[in-house]
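Structural characterization, general
Listed below are the residues making up each chain.
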Amino acid sequence: MSDAAALPGQPRGSVASGPATARTVNVLAPNPSAMTLDGTNTWIVAEPGSGLAVVIDPGPLDDGHLKAVIDAVERSGRRVALTLLTHGHPDHAEGAGRFAELTRTKVRALDPALRLGDEGLGAGDVITTGGLELRVVPTPGHTADSLSFHLPADRAVLTGDTILGRGTTVVAHPDGRLGDYLDSLRRLRSLTVDDGVHTVLPGHGPVLEDAQGAVEFYLAHRAHRLAQVETAVEAGHRTPSDVVARVYADVDRSLWPAAELSVRAQLEYLAGHGLI
């Protein structure tokens, strides 16, 4: 049995639906897989005493899950007032249109194609629904449209797929770019250093109690992988699939297609910096 406190980011036990911080509640979607871990974390965010709630990432198009989210909001004596998306991958966003229909809410996202309503999301935006202060933090890299949400009152950040509660994130080339992703990790690190953020509320996996430790682990992991890819290329492994077979030999082969996306992003990064 592993000691959670010794793991990167200090994960908080198992993943389950329920309160995570003073202002957040998780409703776990029933879509577990190798890529989604325990399933998608749909986050309900509300200011104590407010009758309004914001929902982040309604998840897959699963009426049972969407209604479970609405039920959780209503049991707290609130109603859903706004829906936000961290990015457009189906396990986070496919159910957004149906959820908006059920709740009669607008959907705000960075990608205009995902929005329902006139307002998008961008750097510097602050969500104030029901007295919340929820700051939009651009964190591209996993995808071009990835966002995180800083919740200062809980010293927390909701990271979507930019930081997971377990394992590491795929840089989904060609939409995702490694240089952007590294910049996003540094941006999140500044929240932990300058703004006192200590809790990561991820899109998949358990809550992390040590945000700075999680970010540092991710940065070190990326540096290590880059060095491995560079070494593999120098040894004559030129194609992405060859590099994956060399660098990810100890990883379950079912994850190799996702690993190849990251390798393509790494090769592009190294080539762009004149390193290969």
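Analysis parameters
- Residues numbered from 1 in each chain as written.
- Predicted model: local features only at pLDDT ≥ 70, side-chain atom pairs only at ≥ 80, totals over all residues.
- Heavy atoms only, no water.
- Helix = DSSP H or I, 4+ residues; strand = E, 2+ residues; numbered from the N terminus.
- Buried < 20%, exposed > 50% of the residue type's maximum accessible area, 1.4 Å probe, protein only.
- Contact = heavy atoms within 4.5 Å.
- Areas by Shrake-Rupley, 256 points an atom, 1.4 Å probe, with all protein chains shown as cover.
- Lys, Arg positive; Asp, Glu negative; His and termini not counted.
- Charge placed at Lys NZ, Arg CZ, Asp CG, Glu CD.
- UniProt positions renumbered as here; feature names shortened; annotations may be inferred.
- Salt bridge = Lys/Arg side-chain N within 4 Å of Asp/Glu carboxyl O.
- Pairing = 2+ DSSP bridges.
- Right-handed = clockwise from strand over helix to strand, strands pointing away.

Description of the overall build of the protein chain
For the protein chain, the helix and strand inventory stands at 7 helices and 11 strands. Here the protein chain holds 276 residues, and the buried ones make up 51% of them. Contacts in the protein chain between residues far apart in sequence, at least 24 positions, make up 62% of those at least 6 positions apart. Total accessible area on the protein chain stands at roughly 11,800 Å², and carbon and sulfur atoms take up 51% of it. A distance of 2 Å separates the average location of the 24 positive side-chain charges in the protein chain from that of its 34 negative side-chain charges.

Comments concerning the UniProt feature "domain: Metallo-beta-lactamase" (unreviewed entry) in the protein chain
As annotated by UniProt and renumbered to match this structure, "domain: Metallo-beta-lactamase" (unreviewed entry) occupies residues 39-204. Helix makes up 25% of residues 39-204 and strand 23%, with an end-to-end C-alpha separation of 6 Å.

Overview of unusual backbone geometry
Between histidine 173 and the following residue, proline 174, the backbone shows a cis peptide bond with an omega angle of 5°. Residue placement: proline 174 occurs in the loop between β10 (156-160) and α4 (178-194). Although it is not a glycine, leucine 37 sits at a positive phi angle of roughly 55°. Following the sequence through the fold, leucine 37 ends up in the loop between β2 (24-28) and β3 (41-45). Of note, the phi angle at arginine 104 is positive, near 55°, even though the residue is not glycine. With respect to the secondary-structure elements, arginine 104 resides in the loop between α3 (96-103) and β6 (107-108). We classify arginine 104 as exposed; its relative accessible area is 79%.

Thoughts on the pattern of salt bridges
With the rule as written, the count across this model stands at 13 salt bridges. A salt bridge links glutamate 133 to arginine 135; the nearest nitrogen and oxygen atoms lie 2.6 Å apart. Judged by relative accessible area, which is 35%, glutamate 133 ranks as partly exposed. Here arginine 264 ties to glutamate 260 by a salt bridge, and the two come within 2.9 Å at their closest N and O atoms. Here glutamate 260 and arginine 264 lie together in helix α7 (residues 256-272), a separation of 4 residues that amounts to about one turn. Glutamate 260 sits in the partly exposed class, given a relative accessible area of 22%. Through salt bridges that share partners, Asp63, Lys67, Arg98 and Glu101 make up one connected network.

With respect to the pairing of strand β4 (residues 52-56)
Across the 5 residues that make up β4, a large majority, 4, are buried. Where β3 lies against β4, 3 bridges are found, and the strand directions are antiparallel. If you follow isoleucine 44 over to β4, its bridge partner there is valine 55. Hairpin connection between β3 and β4: a loop of 6 residues separates the two successive antiparallel strands, and glycine 49 in this loop has a positive phi of roughly 85°. Across 5 bridges, β4 lies against strand β5 (residues 79-84) in parallel orientation. The residue of β5 that forms the bridge with leucine 52 is arginine 79. With helix α1 (residues 63-75) bridging β4 and the parallel β5, this β-α-β connection has right-handed handedness.

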